[in-house]
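# Survey of secondary and tertiary structure
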Amino acid sequence: MRSKGVGNRAFYRWLTRDYRPLFPRLPERTRLFRLFRTHQDWTRAFLAAPTVLGVIDTDGIELIHPIREGRSPQQIGRKGVSNHRWIVGGKLCLVLNQWGFIVAWDCATANVADNTFQWLIQQFDGRMIIFSDTAFHATAGDPPNLKLCQRGEWQDRLLVETVLSMLTLVCHFKRVMHRVWAYFQARLAFTMAVFNVLVQWHGFQPNASGFVPLSIAELSL
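As a starting point, this report considers the structure included with it. (Residues numbered from 1 in each chain as written. Predicted model: local features only at pLDDT ≥ 70, side-chain atom pairs only at ≥ 80, totals over all residues. Heavy atoms only, no water.)

### Notes on the packing of helix α4 (residues 159-169) against helix α5 (residues 181-199)
- Between α4 and α5, whose axes approach to 12 Å, the crossing angle comes to 115 degrees. With respect to each other, α4 and α5 are oriented roughly perpendicular. You can see that α4 and α5 cross each other, and the crossing is right-handed. Together, Val163, Met166 and Leu167 of α4 and Thr191, Met192 and Phe195 of α5 make up the contact between the two elements.
- Looking at side-chain class alone, the contact of α4 with α5 contains five nonpolar, one polar and no charged residues. (Axes fitted to C-alpha atoms, helices over the stretch in contact; angles between N-to-C directions. Helix = DSSP H or I, 4+ residues; strand = E, 2+ residues; numbered from the N terminus. Parallel < 35°, antiparallel > 145°, perpendicular 65-115°, else oblique. Left-handed = near helix turned anticlockwise from the far one by under 90°. Contact = heavy atoms within 4.5 Å. Nonpolar A, V, L, I, M, F, W, Y, C, P; charged D, E, K, R; others polar.)

See the structure below:
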């Protein structure tokens, strides 16, 4: 249910109804989700290992409808363009290895440029060659392990579109309702961990051509 992006209340009802005997000391709902935030760093253990080739891309996540922008002083999202339309929210950046598993990620508000995330590429210098679109280019210079690809070039980059599609359709990730940035980050961290676990649930099984088919829909609760 959490992998599907269902709200916290629905998740807590499911947990207490079906699994309460396994968690006799289960905290109250709001405290439970504060604890998730406290232990967010544990999710790093589920990030995948780098491979020689990788890919990086970003995706926008809507937090509020653009018509509501500026109504609240507590607004955490900012206006930016995602998939050719304006959103008010955040931007997720993913680094994938050649199998499509998440190696690293970061997030920022939706108004930042993609090249803001160049530090994710730099940390794999000497270990990964990372392909990206031209939005990751910076006039001040690019990391030596960044390979910029023009539109239609190096079609293997489209693997990241498959991953983002699964996050959108299965995890309902394109629009979330968080109002505190720390909890938005925690949501991303746990979703990245869940994704890496579920896509390998049946083992690491490349087909005859060496391609690893990715799917998490059948494991969605």
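### Looking at the packing of aromatic side chains
- By the definition in use, this model includes six aromatic pairs.
- An angle of 65 degrees between the planes, with centres 5.9 Å apart, marks the rings of Phe11 and Phe33 as edge-to-face. Note that Phe11 is positioned in helix α1 (residues 8-19) and Phe33 in helix α2 (residues 29-38), a separation of 22 residues in sequence.
- Assessed through its relative accessible area of 11%, Phe33 is described here as buried.
- When the ring of Trp181 is compared with that of Phe184, the centres are 4.9 Å apart and the planes differ by 50 degrees; the resulting orientation is tilted. You can see Trp181 and its partner Phe184 sitting in helix α5, three residues apart, about one turn around the helix.
- You can call Trp181 partly exposed: its relative accessible area is 22%.
- Given a relative accessible area of 1%, Phe184 falls into the buried group. (Phe/Tyr/Trp six-rings, centres within 6.5 Å; stacked < 30°, edge-to-face > 60°. Buried < 20%, exposed > 50% of the residue type's maximum accessible area, 1.4 Å probe, protein only.)

### Side note on a nonpolar patch on the surface
- A cluster of nonpolar side chains, contributed by Val52, Leu53, Ile129 and Trp154, occupies part of the molecular surface with about 350 Å² of accessible area.
- The residue Trp154 is located in the loop between β6 (146-148) and α4 in this model. (Patch = residues over 30% accessible without salt bridge, like charges linked within 9 Å, V, L, I, M, F, W, Y side chains within 5 Å. Areas by Shrake-Rupley, 256 points an atom, 1.4 Å probe, with all protein chains shown as cover. Salt bridge = Lys/Arg side-chain N within 4 Å of Asp/Glu carboxyl O.)

### Quick look at unusual backbone geometry
- Its identity as a non-glycine residue notwithstanding, His84 has a phi of 70 degrees, on the positive side.
- Unlike most non-glycine residues, His172 shows phi in positive territory, near 50 degrees.
- Taking the relative accessible area as the measure of exposure, His172 reaches 42% and is therefore partly exposed.

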